[in-house]
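# Observations on chain architecture
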Amino acid sequence: MKKKDIFTTSAFTQNSVWRQILGICSALAVTNLMLNSLVMGLGVIFTLALSGFTISLIREYIPKRIRMMVQILIIASYVIIVDLFLKAYYPEISKSLGPYVGLIITNCIIMGRAEAFAGKNVPIDSMIDGIGAGVGYTLVLLLIAFVRELFGFGSLFGIPILGDWWTKWSIMVMAPSAFFMLAVLIWIINTPRQRRG
Amino acid sequence: MANEKKLFRETRTYPVVFMIIITIIFIGILATFYQLSFAKVQKYRETQLKKMVMSVFELPTQNIEIDFAKYITIFETEDLMYYESRTDSILLGYCFPISGSGLWGTIHALLAVTPDFKKVMNIEIVDQNETPGLGGRITENWFKNQFKGKTLINNNVLNNFVLIPENETAKDNEINQITGATASSKALVDMIYQDIEKYNLKLRANL
């Protein structure tokens, strides 16, 4: 498969969120602000790319029976690096993301890509696949966050867009709206596809 | 040679050895990163706290290290810790770290009071995990500034603030609560009452 195809497949055609319904837990949790979603997305892209690369690099040596333990160990290490980096250099963002950075470890997308792709392909391809899946995930987060922040806070990336006349929708700030938004998004994207056949 | 290696990889010990080695490698990498970032994280926390102590006394925060040393003295006894602020040997007030449980986690705050304990100077939230946009609004200025100048102790009785709806006019013993976040507003008012009573009793005995 060509490098470009690997990317588009994992980012769009087989998008982890709207095609495979993976990683929705964090997609629901951090999407009330655009900035948080972007940082979360970047963290996931970093972890996916490097864990894919590392797992693929040692895939010949990983004993089959304990491969999940090894994958989790590698994924967790990269996530902790992201967490430490944010704590040291972007403490404000780290504070507002709270425990969700650490919870990237349990994000099913990463484990899913490790199992489905990195364990069977060469390191560079695995890295591209990881970046693709991460970009697809970030895209979903940003789409949901766009609506939630705009209606919930009247701003985008913390910059006020709607004036004082705007009555902020509390529901958009809280978790339930994320469920609605995600469901609507999946519905809109998948309906034409199902019509086609 | 190749044959022997293949044999070892098929033994039961191979996964154990593999796991031990890979754990050591990754823990090593993490420990290095932790060591590299630890000082920076710690420094940031200290500076943030110092800035907050300075801001509750409405003192300048530009040269935080110099100014903090100049104006603030930290008192620490066995069971209580507080900050005292002086300018040109005039006592400005005391600042107490207070804490209590909010809706999702512990809220840590700083409360500054006048030297006679009678009035609240300022309140600052150090750490909270309340719902963003709802309880999280306890960090907003309009909410914190309400406490400024409120009577804390009246005729030796500690004032317990009463919560009233967000858009009503508050009297001296009242605080406008955050709409949709009664629990967080209540938590803050409660922790002021409980912790200041504790400090009040102990400090009065000591001073």
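Scroll up to find the structure this text is about.
Residues numbered from 1 in each chain as written. Chains lettered and ligands numbered in written order. Predicted model: local features only at pLDDT ≥ 70, side-chain atom pairs only at ≥ 80, totals over all residues. Heavy atoms only, no water.

## Notes on the sheet that holds strand 3 (residues 90–101) of chain B
Residues and elements named next belong to chain B. A sheet is described by the order of its strands in space; here 5 strands give the open sequence 1-2-3-4-5, paired in antiparallel fashion. Two strands close off the open sheet at either side, each with one partner strand: strand 1 (72–76) and strand 5 (120–127). Mean inter-strand twist for the sheet, computed between neighbouring axes without regard to direction, equals 25°. Packed onto the sheet, helix 2 (residues 13–56) meets strand 1, strand 2 (81–87), strand 3, strand 4 (106–113) and strand 5 and runs at close to 160° relative to strand 5. (Pairing = 2+ DSSP bridges. Helix = DSSP H or I, 4+ residues; strand = E, 2+ residues; numbered from the N terminus. Axes fitted to C-alpha atoms, helices over the stretch in contact; angles between N-to-C directions. Contact = heavy atoms within 4.5 Å.)

## Topic: the interface of chain A and chain B
Listed per partner, the contact involves 26 residues of chain A and 22 residues of chain B. Surface buried jointly by chain A and chain B totals about 2,100 Å² across both partners, of which 79% is contributed by carbon and sulfur atoms. Counting across the chain A and chain B interface gives 0 salt bridges. At the boundary of chain A and chain B, one finds 2 residue pairs in polar contact (both at pLDDT 80 or more). Elements represented by at least two residues in the side of chain A that touches chain B include exactly helix 4 (67–89), helix 5 (91–97) and helix 8 (170–173) of chain A. Ranked by residues supplied to the side of chain A that touches chain B, first place goes to helix 4 of chain A with 11 residues. Residue composition of the side of chain A that touches chain B, by class: 18 nonpolar, 4 polar and 4 charged. (Buried area = accessible area lost by both parts, 1.4 Å probe. Salt bridge = Lys/Arg side-chain N within 4 Å of Asp/Glu carboxyl O. Polar contact = N/O pair within 3.5 Å; in protein donor to acceptor, adjacent residues only side chain to side chain. Nonpolar A, V, L, I, M, F, W, Y, C, P; charged D, E, K, R; others polar.)

## Some remarks on the side chain of Thr54 of chain A
Within the fold, Thr54 of chain A resides in helix 3 (residues 34–57). A relative accessible area of 12% means that Thr54 of chain A is categorised as buried. Polar contacts involving the side chain of Thr54 of chain A include one to the main-chain carbonyl oxygen of Leu50 of chain A, which spans 2.6 Å. Discounting chain neighbours no more than four positions away, the residues touching Thr54 of chain A are Ile74 and Tyr78 of chain A together with Phe26 of chain B. (Buried < 20%, exposed > 50% of the residue type's maximum accessible area, 1.4 Å probe, protein only.)

## Topic: helix 6 (residues 108–118) of chain A
For an α-helix, 3.6 residues make a turn, and residues three or four places apart therefore share a direction. Residues and elements named next belong to chain A. Within the span of helix 6, buried status applies to Ile109, Ile110, Met111, Arg113, Ala114, Phe117 and Ala118. On the buried face of helix 6, the contacting elements are helix 1 (3–13), helix 3, helix 4 and helix 7 (123–153). Between the side-chain oxygen at the start of helix 6 and the backbone nitrogen of Ile109 there is a gap of 3.0 Å, and the oxygen is on Asn107.

## Considering the pairing of strand 4 of chain B
All names here are of chain B. A large share of strand 4 lies buried, amounting to 6 of its 8 residues. Pairing of strand 3 with strand 4, which is carried by 8 bridges, proceeds in the antiparallel orientation. When the sheet's bridge partners are listed, Phe96 is paired in strand 4 with Leu111. Sheet topology places strand 4 next to strand 5; 6 bridges connect them, and they run antiparallel. Paired with Leu111 across the strands is Ile123, a residue of strand 5. Here strand 4 hands over to strand 5 after 6 residues, with Phe117 in that stretch at a positive phi of 70°.

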